[in-house]
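A structural walkthrough
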Amino acid sequence: MPFRDLPVRLAEVRARIGEAIARGGRGQTVTVVAVTKTYGPEAPLAAWEAGLRDVGENKVQEALGKIPRVAAPLRWHLIGHLQRNKVKQVDPFHLVHSMDSARLGDALATYGAARGRPVEVLAQLNVSGEETKGGYQPSMFVQEAARLRDLPGIVVRGVMTMAPLDADEGMLRSVFGGARRCAEVLREAGHPAMELSMGMSGDYEVAVEEGATLVRLGTVLFGARPA
Ligand SMILES: *Cc1c(COP(=O)(O)O)cnc(C)c1O
């Protein structure tokens with residue numbers, strides 16, 4: 001059976017999340033999004049059987065090939081960059097974590113209005129300022145939060161961010177804390193922005209201490225990914 005360690009790994013992750021919630025003192029509910037990129041349909045199926053209900057994919061094309069082969073009513077999350085000419089392909093996704101620019105926001109809003117159902121999104125923030133990462137600059141975000149409010153084709157549920165891979169604990173806290181403040185900016189502008197998507201296998205405990213409500217976990221659940 002593929003991924004036969006998954007239930008044990010998940011139990012360990014859930015225990016660590018519970019401890020991190022207690023340390024962080026925010027009392028939030030945390031949803032584990034199992035990141036199944038590069039795996040075939042057996043990974044999301046194993047996730048379902050282990051009791052997970054949310055799975056994440058970072059490439060639209062790969063996800064669209066996989067979703068029809070998974071006979072379980074999972075919620076699919078898009079966690080990777082979306083090209084503007086592919087916004088019509090978001091229909092199978094419960095939540096798009098990667099609205100990373102004003103132009104993509106506009107394209108998603110146009111599509112959401114056209115299909116008659118807004119697209120549920122998170123604004124991706126580039127808090128660390130790494131040039132290789134996409135996302136909004138936090139310094140530009142107050143204006144953008146106000147502008148996004150006038151786009152009826154999207155619902156902005158919160159923010160997503162990624163910390164640098166080599167970040168120490170101080171850097172993690174500043175990145176995750178910065179994202180949390182951007183969610184506050186969204187709420188002050190009138191968005192229902194309660195979700196903080198932050199934390200991966202290497203840094204999810206700090207992310208939860210800092211208030212994460214969605215953690216995106218791949219290797220800690222499934223082991224090293226196939227290349
Ligand atoms: C791959 C990926 C993850 C999961 O990474 P792990 O380190 O394997 O947990 C999380 N978020 C995004 C955006 C990813 O692309």
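Here the structure is shown first, and the text comes after it.
Residues numbered from 1 in each chain as written. Predicted model: local features only at pLDDT ≥ 70, side-chain atom pairs only at ≥ 80, totals over all residues. Heavy atoms only, no water.

Another point: helix H4 (residues 102-115). If you check H4, its first and last C-alpha atoms are 20 Å apart, about what 14 residues at 1.5 Å a residue would give, namely 20 Å. Taken as a whole, H4 has its buried residues at Leu104, Gly105, Ala107, Leu108, Ala109, Tyr111 and Gly112. In the core, the buried residues of H4 are packed alongside strand E4 (93-99), strand E5 (119-125) and strand E6 (154-161). Looking one or two residues past H4, glycine 116 carries a phi angle of roughly 80°, positive in sign. (Helix = DSSP H or I, 4+ residues; strand = E, 2+ residues; numbered from the N terminus. Expected span 1.5 Å × (residues − 1). Buried < 20%, exposed > 50% of the residue type's maximum accessible area, 1.4 Å probe, protein only. Contact = heavy atoms within 4.5 Å.)

By nearness alone, every residue bordering the ligand is listed as Val35, Lys37, Asn58, Ile79, Met162, Met200, Ser201, Arg216, Leu217, Gly218, Thr219 and Arg225. Residue arginine 216 places a side-chain N or O atom 2.9 Å away from a nitrogen atom belonging to the ligand. A distance of 2.9 Å is found between an oxygen atom of the ligand and a backbone nitrogen or oxygen belonging to threonine 219. Protein contact buries 90% of the 390 Å² of open area that the ligand shows by itself. Of the residues in the shell around the ligand, the class split is 5 nonpolar, 4 polar and 3 charged. (Near = heavy atom within 4 Å. Polar contact = N/O pair within 3.5 Å; in protein donor to acceptor, adjacent residues only side chain to side chain. Areas by Shrake-Rupley, 256 points an atom, 1.4 Å probe, with all protein chains shown as cover. Nonpolar A, V, L, I, M, F, W, Y, C, P; charged D, E, K, R; others polar.)

Let us now look at unusual backbone geometry. Unusually for a residue other than glycine, phenylalanine 3 sits at a positive phi of about 60°. Tracing the backbone shows phenylalanine 3 in the segment before helix H1 (6-24). With a phi close to 70°, threonine 38 is a non-glycine residue in the positive phi region. The topology assignment puts threonine 38 in the loop between strand E1 (31-35) and helix H2 (42-49).

This structure, assessed with the given rule, holds 15 salt bridges. Of the charged contacts, one joins arginine 147 and aspartate 106 as a salt bridge, the two residues approaching to 2.9 Å between their closest N and O atoms. Highlighted residues: arginine 147 in helix H5 (residues 141-149) and aspartate 106 in helix H4, separated in sequence by 41 residues. Given the relative accessible area of 29%, aspartate 106 is considered partly exposed. Here the salt bridges do not stand alone but share partners, grouping Arg23, Glu169, Arg173, Arg180, Glu209 and Glu210 into one network. (Salt bridge = Lys/Arg side-chain N within 4 Å of Asp/Glu carboxyl O.)

What follows concerns the packing of aromatic side chains. Using the criterion set out here, one finds 4 aromatic pairs in the structure. Between the aromatic rings of phenylalanine 3 and tyrosine 39, the centroid separation amounts to 5.1 Å while the plane-to-plane angle is 90°, which identifies the pairing as edge-to-face. You can see phenylalanine 3 sitting in the segment before H1 and its partner tyrosine 39 sitting in the loop between E1 and H2, a full 36 residues away along the chain. An aromatic cluster of at least three residues, connected via ring pairs, comprises Phe3, Tyr39 and Phe222. Cation over ring: arginine 53 sits above tryptophan 48, and NZ or CZ is 3.5 Å from the ring centre. (Phe/Tyr/Trp six-rings, centres within 6.5 Å; stacked < 30°, edge-to-face > 60°. Lys NZ or Arg CZ within 6 Å of the ring centre and 35° of its normal.)

A few words on the environment of aspartate 91. Positionally, aspartate 91 belongs in the loop between strand E3 (75-78) and E4. Exposure remark for aspartate 91: the relative accessible area of 38% places this residue in the partly exposed category. For the pair aspartate 91 and alanine 109, spaced 18 residues apart in sequence, the C-alpha to C-alpha distance is 13 Å. Excluding anything up to four places from it in sequence, aspartate 91 contacts Tyr111, Arg115 and Arg117. Looking at aspartate 91, its side chain comes within polar contact range of the side chain of tyrosine 111, at 2.9 Å.

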